[in-house]
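# Analysis of the macromolecular model
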Amino acid sequence: MNIQEQIDEYITSQSEPKRSDMQTLHMLMLQVLPEGKLWFDNGKNSENKTVSNPNIGYGFYTIKYADGKTRDFFQIGLSANTTGISVYIMGIKDKTYLAQTYGKEIGKASVTGYCIKFKNLKDINVNILEAAIRYGIEATGEN
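Let us look at the structure shown here. (Residues numbered from 1 in each chain as written. Predicted model: local features only at pLDDT ≥ 70, side-chain atom pairs only at ≥ 80, totals over all residues. Heavy atoms only, no water.)

## Considerations on the overall build of the protein chain
Here is the rule: Under the DSSP-based scheme used, a helix requires at least four consecutive residues in state H or I and a strand at least two consecutive residues in state E, with every element numbered from the N terminus. Taken over C-alpha atoms, the radius of gyration is set against a globule rule of 2.2 Å times the number of residues to the power 0.38. Summary of the burial criterion: residues with accessible area below 20% of their type's maximum are buried, those above 50% are exposed, and those between are partly exposed, where the area comes from a 1.4 Å probe applied to protein chains only. For this analysis, residues touch if any pair of their heavy atoms sits within 4.5 Å. Per-residue accessibility takes into account occlusion by the displayed protein chains alone, with areas from the Shrake-Rupley method and a 1.4 Å probe. Neither His nor the chain ends contribute to the count of charged residues, in which Lys and Arg are positive and Asp and Glu negative. For the purpose of locating charges, the reference atoms are NZ of Lys, CZ of Arg, CG of Asp and CD of Glu.
For the protein chain, the count of helices and strands is four helices and eight strands. For the protein chain, the N- to C-terminal ordering of α and β elements is α-α-β-β-β-β-β-β-α-β-β-α. Since a compact globule built from 143 residues should have a radius of gyration of about 15 Å, the 15 Å found for the protein chain is in line with a globular shape. A burial count over the protein chain gives 43% of its 143 residues as buried. For the protein chain, contacts bridging at least 24 residues in sequence account for 49% of all contacts bridging at least 6. When the accessible surface of the protein chain is split by element, carbon and sulfur atoms take 50% of a total near 8100 Å². Averaging the coordinates of the 16 positive side-chain charges in the protein chain and doing the same for the 16 negative ones gives two points 7 Å apart.

## Some points on the environment of E9
Assignment of secondary structure puts E9 in helix α1 (residues 3-12). In this structure E9 comes out as partly exposed when scored by relative accessible area, which is 47%.

## Some words on the sheet that holds strand β1 (residues 38-41)
Quick reminder of the rule: By the convention used here, strands pair only if DSSP detects at least 2 bridges between them. Orientation is described by lines fitted to C-alpha atoms, with helices fitted over the stretch in contact, and by angles between N-to-C directions that extend from 0 to 180 degrees.
Read from one edge of the open sheet, six strands run β1-β2-β5-β6-β8-β7, paired in antiparallel fashion. Among the strands making up the open sheet, the edge pair consists of β1 and β7 (109-111). The average angle at which neighbouring strand axes cross in this sheet is 15 degrees, direction not considered. As paired strands, strand β2 (residues 55-58) and strand β5 (residues 76-81) are joined by three bridges and run antiparallel to one another. Across the sheet, G57 pairs through a bridge with G77, a residue of β5. This element, α1, spans β1, β2 and β5 of the sheet and lies at about 55 degrees to β1. Packing of helix α2 (residues 18-32) onto the sheet brings it into contact with β1, β2, β5, β6 (84-89) and β8 (115-118), and relative to β5 it is tilted by some 175 degrees.

## A few points about α1
We apply this condition: The directions considered for the arc run from the helix axis to the C-beta atoms. Each polar contact in these results corresponds to two N or O atoms within 3.5 Å; when the atoms are within protein, one needs to be able to donate a hydrogen and the other to accept it, and residues that are neighboring in sequence are counted only if both atoms are side-chain atoms.
Of the residues making up α1, those classed as buried are I7, Y10 and I11. Seen along its axis, α1 keeps its buried residues to an arc of 95 degrees; they face one direction. Taken together, the buried residues of α1 touch α2, β1, β2 and β5. The backbone nitrogen of Q4 has a side-chain oxygen 3.0 Å away, supplied by the residue at the start of α1, namely N2.

## A look at the side chain of D21
Short version of the rule: By definition, a salt bridge exists where a carboxyl oxygen of Asp or Glu is found within 4 Å of a side-chain nitrogen of Lys or Arg.
Along the chain, D21 turns up in helix α2. The buried charged residue D21 lacks any salt bridge partner; its closest oppositely charged side chain belongs to K122, at an N-O distance of 7.8 Å. In this structure, D21 is in contact with I85, N120 and L121, ignoring residues within four places of it in sequence.

## Brief notes about the pattern of salt bridges
Counting across every chain of the model gives three salt bridges. Between E16 and R19 there is a salt bridge, with the nearest N and O atoms lying 3.4 Å from each other. A relative accessible area of 30% places R19 in the partly exposed class. Across the pair D123 and K122 runs a salt bridge, and its minimum N-O distance is 3.5 Å. Using a relative accessible area of 70% as the deciding quantity, one classes K122 as exposed.

Quick look at the structure:
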């Protein structure tokens, strides 16, 4: 199964309204990063144990660790969780920026250093979410 098929299967496995919200967000990401690399992480480690929720990833950036090692990763992640949906915006150096800049305007969402979590798409301002995503893409300077 290729990455797009894995993404489609993951989205369709969600119950409504999460399925429709995930599909809407997936289409938004394809518009924001039309040439961006697609990723799918099923949330399992090398021993096939679940270590995280599955993630759809968009774009490309290189994580640089303190010890000098690097790792290729996605810029934006999209994941369903038990209470709703999480959008991960990777590579932002200032861990207060998202909450300070978008937290008050986005609606009913929890905004941390790199994650925007909400129950339903109807609870948030999608234009503000898109602005946060675009900021994150520009902050990493890759795609």
